[in-house]
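Chain and residue survey
Chain by chain, the residues run as shown.
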Amino acid sequence: MKLENRIFNADCLDALTKIPDNSINVIITSPPYAQQRKKSYDSIPESEYVEWFLPITKELKRVLTDDGSFVLNIKEPASNGERSTFVLELIIEMRKQGWFWVEEYVWNKKNSFPGKWSNRFRDAWERCLHFTKNKKFKMNQDEVMVPMGKWAETRFNSLSDEDKIRHNSASKSGFGRKVENWIDRDMAYPTNVLEFATVCYNKGHSAAFPEELPEWFIKLFSDKDDLVLDPFLGSGTTAVVAKRLERNYVGIEKQKKYYKLSKAYLKMEDVENKKIKQEMAAAIKDARKTGNWDGLAAECKRISSKDNQSLDTFNK
Ligand SMILES: C[S@@+](CC[C@H](N)C(=O)[O-])C[C@H]1O[C@@H](n2cnc3c(N)ncnc32)[C@H](O)[C@@H]1O
């Protein structure tokens, strides 16, 4: 069975069994939320979260290539006056499963909603945990360089003699820096704090990624034609961005309406003409209103057939 550029309407634990060992280059996902109290359709109780997630991470490890990366976007809620610890417990259990925990990136949500709480301030960041199978993995650092910015202007005007020699890390990690080396450079490597605004417009999914988030990690951890997986696809953002970046994608989504929504957004990627794109966006909006998800595929196919660039995603 051809795996590339498919999305499955299934529980990810079932669909993952169809994916061969060592076949996925990057996994980027944001799983359903944990909730303190009841089990609802789209959330897992905090107390069961680790136990629920570990069989999935076991499968993800099996399908990931030896030089692949798994980026897990997750944030523990606070309740009863304190932060939950299940994410910390999950990291420890995943390490026992054989995962290598390389880094914790912080997604700083630039546009977090204001509010007042008695014991903390507004939550403006989420974790993006980076796991691999090995110490060595694919990382295209030059793909995510950022402009050097204001820092350089002030810092380089006042170089001391110290700045001209290499400083080795006090922890003897082997890392060092020589400030002078960065003079005359326009671009620098980024930090591990990523600033992306959350999605404000109504995309039909309450927890959709901003496109910049999967884009940043896909560029960093994969090459053109590599295979990108999102096992909790939602509205399809990871797959859409992977497709745009000329990667192959696999997506898994349990809820039929989000599966259909993903398919429609993927189909929209094939369309170049702005007017036809708008027509398709209107059809998506309509399906969300009426709940006629089955009709949406045919409607998108009909609309996109007006565009010469259209590929036949829906026949797959
Ligand atoms: C936080 S949302 C992901 C949103 C996504 N990043 C986007 O950009 O739209 C999690 C998604 O996982 C789906 N989901 C929950 N449990 C699942 C399971 N066991 N297998 C597959 N999908 C599941 C939910 O329906 C939901 O759409």
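These numbers were taken from a predicted model, which means no experiment stands behind them.

Let's shift gears to the packing of helix α2 (residues 46-63) against helix α3 (residues 86-96). As a packed pair, α2 and α3 sit with axes 10 Å apart at the nearest point and diverge in direction by 30 degrees. On the basis of the axis angle, α2 is roughly parallel to α3. Viewed along their axes, α2 and α3 form a crossing whose handedness is right-handed. Facing Glu46, Tyr49, Val50, Phe53, Leu54 and Thr57 of α2, the residues of α3 in contact are Phe86, Glu89, Leu90, Glu93 and Met94. A class-by-class count of the residues in the contact of α2 with α3 yields seven nonpolar, one polar and three charged.

Attention shifts here to the site of the ligand. Around the ligand there are 18 residues in total, and Cys12, Phe232, Gly234, Ser235 and Thr237 lie nearest to it. Of the residues that constitute the shell around the ligand, the class distribution is eight nonpolar, six polar and four charged.

The next thing to look at is the environment of glutamate 269. Its place among the elements puts glutamate 269 in helix α7 (residues 256-269). Glutamate 269 sits in the partly exposed class, given 16 other C-beta atoms within 10 Å. C-alpha separation for the pair glutamate 269 and arginine 244, spaced 25 residues apart in sequence, amounts to 7.4 Å. Apart from residues no more than four positions distant in its own chain, glutamate 269 is found in contact with Val240, Lys243 and Arg244.

All right, on to the environment of lysine 243 then. By the element assignment, lysine 243 lies in helix α6 (residues 237-244). Residue lysine 243 is classed as partly exposed on the basis of its C-beta count, with 19 C-beta atoms lying within 10 Å. Distance from lysine 243 to lysine 224, taken between C-alpha atoms, is 9.9 Å for residues 19 residues apart in sequence. Beyond its immediate sequence surroundings of up to four residues, lysine 243 is in contact with Tyr249, Leu266 and Glu269.

Time to look at the domain arrangement of the protein. When its domains are assigned, the protein resolves into domain 1 (1-145 + 189-254), domain 2 (148-187) and domain 3 (256-316). Taking only C-alpha atoms, the centre of domain 1 and the centre of domain 2 are 33 Å apart.

Time to look at the sheet that holds strand β15 (residues 227-230). The strands that make up a sheet pair up through hydrogen bonds in the backbone, lying either parallel or antiparallel. Read across the open sheet, the eight strands follow the order β1-β16-β15-β2-β5-β9-β8-β14; overall the sheet is mixed. The open sheet has two free edges, formed respectively by β1 (6-9) and β14 (193-196), since each of these has just one partner strand. Shown here is a sheet whose adjacent strand axes are inclined to one another by a mean of 20 degrees, direction ignored. Sheet analysis places strand β2 (residues 24-29) next to strand β5 (residues 64-74), joined by five bridges and oriented parallel. Counted as the bridge partner of isoleucine 28 is valine 71 from β5. Docked against the sheet, α6 engages β1, β2, β15 and β16 (248-253), running at close to 170 degrees with respect to β16. Where α7 meets the sheet, it contacts β1 and β16, and its direction lies at approximately 165 degrees from that of β1.

Parameters and conventions
Residues numbered from 1 in each chain as written. Predicted model: local features only at pLDDT ≥ 70, side-chain atom pairs only at ≥ 80, totals over all residues. Axes fitted to C-alpha atoms, helices over the stretch in contact; angles between N-to-C directions. Helix = DSSP H or I, 4+ residues; strand = E, 2+ residues; numbered from the N terminus. Parallel < 35°, antiparallel > 145°, perpendicular 65-115°, else oblique. Left-handed = near helix turned anticlockwise from the far one by under 90°. Contact = placed C-beta atoms within 7 Å. Nonpolar A, V, L, I, M, F, W, Y, C, P; charged D, E, K, R; others polar. Near = placed C-beta within 6 Å. Buried ≥ 20, exposed ≤ 12 C-beta atoms within 10 Å, placed from the backbone. Domains from an automatic or database assignment. Pairing = 2+ DSSP bridges.

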